[in-house]
There are 2 protein chains.
Amino acid sequence: MRRGGRRRPRTAASDAVRKVDYHNLRNPFPQMKVFSDDRIAAIHDASLTVLRDLGIKVLLPEAREIFRKAGARVVGEMVYINRDLVDASLLTAPRSFRCKAGTRAKDLNMEPGALFFQPGAGAPHATDLKRGRRPGTGQDFREFVQITQAFDVLHMIPPVVEPQDIPMNLRHYFMMDAQLTLANKLPFVFSRGTPQVMESFEMIRDFRGLSDVDFAADSHCYTIINTNSPRTLDVPMAQGLIDFARHGQVSIVTPFTLMGAMAPITVAGALTLSHAEALASIALTQLTNPGAPVCYGTFTSNVDMKSGAPAFGTPEHFKASLAAGQLARLVDLPWRCAAGSAANVNDAQAANETQFGLWGCLMAGATVVIHSAGWLEGGLTVSFEKMITDLEVLQMVAEMCAETSADDAEIALDALAEVAPSGHFFGATHTMERYQTAFYEPLVGDWSNFGTWTERGSQNANDRATAIWQRILEEDQRPDLDTERVGALQDYIALRTEAGGANPES
Amino acid sequence: MRRGGRRRPRTAASDAVRKVDYHNLRNPFPQMKVFSDDRIAAIHDASLTVLRDLGIKVLLPEAREIFRKAGARVVGEMVYINRDLVDASLLTAPRSFRCKAGTRAKDLNMEPGALFFQPGAGAPHATDLKRGRRPGTGQDFREFVQITQAFDVLHMIPPVVEPQDIPMNLRHYFMMDAQLTLANKLPFVFSRGTPQVMESFEMIRDFRGLSDVDFAADSHCYTIINTNSPRTLDVPMAQGLIDFARHGQVSIVTPFTLMGAMAPITVAGALTLSHAEALASIALTQLTNPGAPVCYGTFTSNVDMKSGAPAFGTPEHFKASLAAGQLARLVDLPWRCAAGSAANVNDAQAANETQFGLWGCLMAGATVVIHSAGWLEGGLTVSFEKMITDLEVLQMVAEMCAETSADDAEIALDALAEVAPSGHFFGATHTMERYQTAFYEPLVGDWSNFGTWTERGSQNANDRATAIWQRILEEDQRPDLDTERVGALQDYIALRTEAGGANPES
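Residues numbered from 1 in each chain as written. Chains lettered and ligands numbered in written order. Predicted model: local features only at pLDDT ≥ 70, side-chain atom pairs only at ≥ 80, totals over all residues. Heavy atoms only, no water.

K.L.:
Just to check I follow, could you spell out the relation of the copies chain B and chain A for this structure?
P.N.:
Superposition of the two copies of the chain requires a rotation about an axis together with a shift along that axis. Between chain B and chain A, the superposition needs a rotation of 180° and an axial shift of 0.0 Å, giving an RMSD of 0.0 Å. Such a combination of rotation and displacement between the chain copies is what one expects of a two-fold axis. No C-alpha of chain B approaches the rotation axis more nearly than that of Ala348 of chain B, which lies at 2.6 Å. Counting the interface residues of chain B, we find that 100% of their copies in chain A are interface residues as well, pointing to one common contact surface. (Least-squares fit on C-alpha atoms with pLDDT ≥ 70 in both. Contact = heavy atoms within 4.5 Å.)

Here is the structure:
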């Protein structure tokens, strides 16, 4: 195992910078199946049987009424949905739609084959090496919006942590202000009842300078809809599906079905349940507003059957993602999948679980991969350091999306002739022409040798990651904003706050 | 993002143990291409042009004579190989062959589609949290053999670390004794000249109780042949190819071609060189003994063009693996690929690089994945802790090789009917029948929640990995051995040692 001489190229002729588009990604990885096509069809059929014969509990009267009018059988809170109704909704749900961000360069074409990453989301806690583990605050929320904004490979803003120090009746103002003024990527809106949702829509509409018609013509924000597995759609989730569909905004439907806990212990069983709940939710959007944008989704992993603790980035999680991908292709919709880790610190376990889960998403052909950076403790904490170390992997995946040339200049017979046997290519013309932009440059990876690394203070990846997120926050780069609209947003929030805000519904 | 109740199943009816075959793996992952088929054909053609027009420097006179007799043009130390000669060697090189280990259960069928893992190999240093980083010793070598033996997912024994405290003239005795008496997996032999190789063959032959004819009829050991890129085959490597071919033992041919250093800076250029060197080496084995077992191989990654430091687990490494896989399929031989990391400690960078490189190998369709566990510092150190944390990933990959059922019992309509909306499946009949064996159980992963994990001492993955490798060494499990043969081996080594051993050739 030999190693060639290590020398720096003799001249630095230009200041060329490597430029790879991390925004417009298409998934280049071949899709993997875990089940045969006929067993996927059997799961789809079984899901339809679940909806028709076992039914789904829908806690919101308005939603039950929508289902009833469309021909579903409604008994008390139970809704029994027939196959025709599901089939019809799959015909009107759009395969492709545009999500408009704060600038056209950050817009997203949501469709099968596209690839979007989101950092970890929904964590009650934040952690970092400087400030320790604590309940998430408004400051944490804002900082994670800034970090999300700073990396092209993160395409949408999720609610990374819950800003627990902001009163619930004012939290949606705070979250919208942070997302609109610190970033220009697609913002997230919690489905916590119509009042908060409608006010969030208003803030986005006005900040983007849109009419109601313009607002509804494209998607300008998204929500995540978690069913209450098994087979329950609660009030705020059902209301969210209706409100978002009615106003042309995106619902990402995500049953959270841990095998052995809120779902059967088998991959096939858990996916049958998840698929049934997703189909019911998609149907509700299409009954509300045919053609409304909606993403199929799943989040199926397993639990430790000794303790009941959830696990992520496991073989079962990977297999569930593959099965979900097959079902998503069957219904031919853009869809969301998730990585994740149950580790308690950003160590080798944390890195390995998140990346293993990520490959499951990638080979499943996911359109949106959530929790792809920073998620610890099965989502109870997001780590600033893990955000950075996971971003390295996402950037490397994004590099794989770019085309690699193998034309005659790349095959480089001239360079091969130029360098003598046992020589080296450091100074070859072919090398000199390319060395500044040939390779991906690591974000947090340190490739220096052990001696140099020791001299520089033996910093591990977490130490280096700390410096990176601190630098991003210090630099405090803001998107170009219309100061008038910022002022109007602040006025709106002040007025609404004075009026008491809007409480969440449950 | 809700989480279901966490309860342990009410009864533990049986003591069923999950059993998944980690030995007989077939690669289940779809193969990915980085270049179009016609550009792969162009690379193959360019490699043949390199061999014919630029030639390869062969330092061993015997090897040059073999090439000359077969029709190659030889000028001084340069050998110019025509296409017909390469084509003929690819016709006789076997697509599939059997490697016999110490017990039939550990034999390997080496062929495209099979999947074998090796830990990191060839490191001058060893490191662990208890004893620190130090030059590799005989004790380290023996301990890594024991760890390799302990995990079914490791299929072959490589020279994990160099036992630097053992004199060079006796080192092959020491390494063979460790491999034969501490393990029963396929052993490795360094190609450090005919005397050491022939003595190693003798030791294996007699320890396995074989005649010369039996020994040559199957492969009982393997060597790694690194060309001296660019375009040089040195004395011990050329001699190794000849000696192993002559005795029916496996050469794994591996040009080590770092882009921008000992190879062109482009993936296509580096692979053109690597492929040419591999083809020349394969040709030498087939000219020596048509039908001799040989593996195609590559190890192509990039360097940091600022410092010249090698990098692994990068996008360029991944792409190079994919291109190598396409070339391996073109020549239709079993082939070796490699993961790896340039990190200096077992942190998130180390985990991410090794796993990223691993996925490159897997999606490239590699038969043998070397350096898949433990490798740090670009191969200058193997870490006991990283060995364990990487093994977790390999075991999870092995789990993906097993078939997953989606029959009606797995789809579980009965279980779905049994559990009410918003209920849980912990106690469902379907769960109770399966919970003990349903899921992969982690080796080093800890899924306990933050409170429990803190109470138990806040151990990170490295802390837990330390306990695991220590336990393996304490348990000191040995394979069943024929004491007479062990005695004969020791006598042989004592006699040869007394006679002065055998010096390596260079």
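K.L.:
I would appreciate a short explanation of unusual backbone geometry in the present structure.
P.N.:
Trans peptide bonds make up the majority, and among non-glycine residues the majority have a negative phi. Cis geometry is adopted by the peptide bond preceding Pro230 of chain A, which originates at Ser229 of chain A and carries an omega value of 0°. Its place among the elements puts Pro230 of chain A in the loop between β9 (222-225) and β10 (232-233). The phi dihedral of Ser422 of chain A falls on the positive side, at around 65°, and the residue is not glycine. Locating Ser422 of chain A in the fold gives a position in the loop between α14 (413-418) and α15 (429-432). Unusually for a residue other than glycine, His371 of chain B sits at a positive phi of about 60°. As for its placement among the helices and strands, His371 of chain B is situated in the loop between β16 (368-370) and β17 (375-376). By relative accessible area, His371 of chain B is classed as buried at 0%. (Helix = DSSP H or I, 4+ residues; strand = E, 2+ residues; numbered from the N terminus. Buried < 20%, exposed > 50% of the residue type's maximum accessible area, 1.4 Å probe, protein only.)

K.L.:
It is not clear to me how the sheet that holds strand β6 (residues 116-117) of chain A should be interpreted in this structure. Could you clarify?
P.N.:
Picture the strands of a sheet paired through backbone hydrogen bonds; they go either parallel or antiparallel. Residue and element names in this part refer to chain A. On the basis of which strands lie adjacent, the open sheet formed by six strands has the order β6-β16-β15-β12-β11-β9 and parallel pairing. Whereas interior strands pair on both sides, the edge strands pair on one side only; in this sheet they are β6 and β9. The sheet contacts of helix α11 (residues 348-363) involve β6, β15 (335-338) and β16 (368-370), and relative to β15 the element is tilted by about 160°. (Pairing = 2+ DSSP bridges. Axes fitted to C-alpha atoms, helices over the stretch in contact; angles between N-to-C directions.)

K.L.:
Would you take a moment to explain the side chain of Asp390 of chain B for this structure?
P.N.:
Residue and element names in this part refer to chain B. Assignment of secondary structure puts Asp390 in helix α12 (residues 384-401). For Asp390, a relative accessible area of 2% puts it in the buried group. Excluding anything up to four places from it in sequence, Asp390 contacts Thr354, Ser372, Ala373 and Gly374.

K.L.:
Got a minute to help me understand the packing of aromatic side chains in this structure?
P.N.:
Think of a pair of aromatic rings as described by two things: how far the centres are apart, and how the planes are tilted against each other in angle. Enumeration over the complete set of coordinates arrives at 37 aromatic pairs over all chains. With a centroid separation of 4.9 Å and an interplanar angle of 75°, the aromatic rings of Phe201 of chain A and Phe244 of chain A are classed as edge-to-face. With Phe201 of chain A in helix α6 (residues 194-207) and Phe244 of chain A in helix α8 (residues 235-246), this residue pair connects regions lying 43 residues apart in the sequence. A single burial state applies to Phe201 of chain A and to Phe244 of chain A, both of which are buried. Pairing Trp359 of chain A with Trp359 of chain B gives two aromatic rings, centres 5.8 Å apart and planes at 25°, and the pair type is stacked. Here Trp359 of chain A, found in helix α11, pairs with Trp359 of chain B, found in helix α11 (residues 348-363), and the two come from separate chains. (Phe/Tyr/Trp six-rings, centres within 6.5 Å; stacked < 30°, edge-to-face > 60°.)

K.L.:
Looking at this model, I keep getting lost on the interface of chain B and chain A. Mind explaining?
P.N.:
If you look at the interface, chain B gives 128 residues, while chain A gives 129 residues. Across the chain B-chain A interface, the total number found is six salt bridges. Where chain B packs against chain A, one counts 41 residue pairs in polar contact (both at pLDDT 80 or more). By residue number, the principal contributor to the side of chain B that touches chain A is α11 of chain B, which donates nine residues. (Salt bridge = Lys/Arg side-chain N within 4 Å of Asp/Glu carboxyl O. Polar contact = N/O pair within 3.5 Å; in protein donor to acceptor, adjacent residues only side chain to side chain.)

K.L.:
Honestly, helix α3 (residues 83-92) of chain B in this entry has me stumped. Any pointers?
P.N.:
Side chains three or four residues apart in an α-helix point the same way, a direct result of the helix having 3.6 residues per turn. All names here are of chain B. Of all the residues in α3, the buried ones are Leu85, Val86, Ser89 and Leu90. End-on view of α3: buried residues confined to an arc of 135°, all on one side of the axis. Structural note: α3 exposes Asp84 and Leu91 on the side pointing more than 90 degrees away from its buried face. On its buried face, α3 is in contact with α1 (37-54), α2 (61-69), α9 (267-288) and α10 (315-331). The backbone nitrogen of Asp84 has a side-chain oxygen 3.3 Å away, supplied by the residue at the start of α3, namely Asn82. (Arc of directions from axis to C-beta.)

K.L.:
Explain the nonpolar core to me, please; I cannot follow it from the model alone.
P.N.:
Within soluble globular proteins, side chains that are nonpolar tend to cluster in buried spots. Core analysis: the largest hydrophobic core is formed by 304 residues, its most contacted members being Phe117 of chain A together with Phe117 of chain B. With residues near it in sequence (within four places) discarded, Phe117 of chain A still touches Leu25, Val153, Leu154, His155, Met156, Leu358, Leu362, Val369, Ser372, Leu394 and Val397 of chain A. (Core = buried A, V, L, I, M, F, W, Y, C linked by side-chain atoms within 4.5 Å.)

K.L.:
Just checking my understanding: could you explain the pairing of β9 of chain A for this structure?
P.N.:
On any regular strand, side chains alternate: one points to one face of the sheet, the next to the other face. Residues and elements named next belong to chain A. Both faces of β9 are covered, namely the face carrying Tyr222 and Ile224 and the face carrying Thr223 and Ile225. Sheet topology places β9 next to strand β11 (residues 250-253); four bridges connect them, and they run parallel. Bridge pairing links Tyr222 to Val250 in β11.

K.L.:
I keep staring at the pattern of salt bridges and nothing clicks. Help me out?
P.N.:
Pairing between side chains of opposite charge can happen when the charged atoms of each approach one another. Residues and elements named next belong to chain A. Scanning the entire structure with this criterion turns up 68 salt bridges over all chains. Notably, a salt bridge pairs Arg478 with Asp476, separated by 2.8 Å at the nearest N-O pair. When salt bridges with common partners are traced through the structure, they connect Asp128, Arg131, Arg134, Asp140 and Glu143 into a single cluster.

K.L.:
Explain the environment of Ala238 of chain A here, please?
P.N.:
By the element assignment, Ala238 of chain A lies in helix α8. For the pair Ala238 of chain A and Thr285 of chain A, spaced 47 residues apart in the sequence, the C-alpha separation amounts to 9.2 Å.

K.L.:
Hey, could you run me through the packing of α1 of chain B against α10 of chain B in this one?
P.N.:
Packed helix pairs are characterised by how far apart their axes lie and by the angle those axes make with each other. Residues and elements named next belong to chain B. Closest axis-to-axis distance for the α1/α10 pair is 10 Å, and the angle between their directions is 75°. Judged on the interaxial angle alone, α10 and α1 are roughly perpendicular. Residue-level contacts link Asp37, Ile40, Ile43 and His44 of α1 to Ala323, Gln326, Leu327, Leu330 and Val331 of α10. Looking at side-chain class alone, the contact of α1 with α10 contains six nonpolar, two polar and one charged residues. (Parallel < 35°, antiparallel > 145°, perpendicular 65-115°, else oblique. Nonpolar A, V, L, I, M, F, W, Y, C, P; charged D, E, K, R; others polar.)

K.L.:
Can you walk me through the sheet that holds strand β2 (residues 73-75) of chain B in this structure?
P.N.:
Residues and elements named next belong to chain B. What the four strands build is an open sheet, ordered β2-β3-β1-β10; its pairing is mixed. Of all strands in the sheet, those with a lone pairing partner are β2 and β10 (232-233), marking the two edges. Summarising the sheet, strand β1 (residues 56-58) and strand β3 (residues 78-80) pair through two bridges and their orientation is antiparallel. The residue of β3 that forms the bridge with Lys57 is Met78. Lying over the sheet, α1 contacts β1, β2 and β3, oriented at roughly 125° with respect to β3.

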